[in-house]
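Read off the chains here:
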Amino acid sequence: MQQTGNSLATTPAIRLGNTAVDIAISNTQGSYTFIHHIINTENDYNETVEQLLKEHADAFAQCHKPIPVLFDRKYLTIPADEFQAEQAETLYRYALTDDKDTLAQPLFLPQLSTYILFAIPDNLLQLINKLIPMPQLQPIAVPLWRHTAQHRQAKAADTLYAYTYDGNLEIYAIKDNRLKFANRFPAAHPHDILYYILFVWEQLGMQHHIHQLHLLGTLPQEEWLTDRLRTFILHVTPHADQQLYQQSNTQPATTLPADILAAITTCE
């Protein structure tokens, strides 16, 4: 499936989700073509990824900037002033005991003073390095953090961001150019989404009448969930990712995740 939108296209982006692969390819007309390919079974995942990347190898080869490659992976965030490279592996294994994959190169986000640790399966990592000239590996949520940091107003009220995709929920908060909170939860059911949002809201000490909640992505049972959230939080903004669609001049669609739009509008 393909969709196109007008934008100042410069850099492709690749999103390797658990159930689908999305690729944004820039073209000479200053627009993007979006390719959405559903993965049918786990067994053909790497084969499908390899085939798709080979089909668009020329577009990747023509790009002279790092190409964002988004992975649906768990991650660990570390404030820059606390990061020690020699302890990264130990910290990651301690925090995520069930992840035995190879630790990727730590990703530094200077605009958020944060390092991101995450792991990638060896066979997939080798495939990416073979077919992408300059891959910029990152968890799916990272482009949204960058986009929020770039567009957040200096005196804006404290805001909690919740992004739903593929049965997962990313919750994050940014304060004073730092990543105040970021975590990923499995939450396919609206009751789970409601629980995790309110849990983090209370954990961060956010206030009902003052602070804000911005919802991104496609919510299951959206009307019910939004109404329930508004009984606890006064300022709830659904579809807060509309700016991303406007910037890339595309129409919202369930096959066009907000994170890949953030990747192409915040390329460094």
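If you're wondering where the values come from, they're calculated on a predicted model, not measured in any experiment.

1. Digging into the packing of helix H5 (residues 142-151) against helix H9 (residues 258-265)
Packing of H5 against H9 leaves a shortest axis separation of 8 Å and a crossing angle of 55°. Between H5 and H9, the interaxial angle falls into the category oblique. Note on packing geometry: the crossing formed by H5 with H9 is left-handed. Contact residues: H5 offers Pro143, Leu144 and His147, while H9 offers Ala258, Asp259, Ala262, Ala263 and Thr265. By residue class, the composition of the contact of H5 with H9 is five nonpolar, two polar and one charged.

2. Examining empty space enclosed by the protein
In this approach a probe as big as a water molecule rolls over the atoms, and the regions it shows empty are the leftover space. Per the counting criterion, the structure on display carries three cavities of 30 Å³ or more. Its volume calculated, the largest cavity comes out at about 50 Å³. The wall of the largest cavity is formed by Arg152, Asp158, Thr159, Ala173, Ile174, Lys175, Lys180, Leu204 and Met206. With three residues, the single largest contributor to the lining of the largest cavity is strand S13 (residues 168-175).

3. Looking at the pairing of strand S2 (residues 13-16)
In the case of a regular strand, side chains alternate between the two sheet surfaces. Here S2 shows two buried faces, one formed by Ala13 and Arg15 and the other by Ile14 and Leu16. By the bridge criterion, four bridges tie S2 to strand S3 (residues 20-26) in an arrangement that is antiparallel. Bridging from a neighbouring strand, alanine 13 pairs with alanine 24 of S3. The antiparallel hairpin formed by S2 and S3 contains three residues in its connecting segment. Summarising the sheet, S2 and strand S5 (residues 67-71) pair through three bridges and their orientation is parallel. Bridge pairing links arginine 15 to leucine 70 in S5.

Definitions and limits used
- Residues numbered from 1 in each chain as written.
- Predicted model: local features only at pLDDT ≥ 70, side-chain atom pairs only at ≥ 80, totals over all residues.
- Heavy atoms only, no water.
- Axes fitted to C-alpha atoms, helices over the stretch in contact; angles between N-to-C directions.
- Helix = DSSP H or I, 4+ residues; strand = E, 2+ residues; numbered from the N terminus.
- Parallel < 35°, antiparallel > 145°, perpendicular 65-115°, else oblique.
- Left-handed = near helix turned anticlockwise from the far one by under 90°.
- Contact = heavy atoms within 4.5 Å.
- Nonpolar A, V, L, I, M, F, W, Y, C, P; charged D, E, K, R; others polar.
- 1 Å grid on protein atoms, 1.4 Å probe; cavity = no way out; pocket = protein on both sides within 12 Å on 5 of 7 lines; lining within 4 Å.
- Points joined across faces, edges and corners; volume = space filled by probe spheres on them.
- Buried < 20%, exposed > 50% of the residue type's maximum accessible area, 1.4 Å probe, protein only.
- Pairing = 2+ DSSP bridges.

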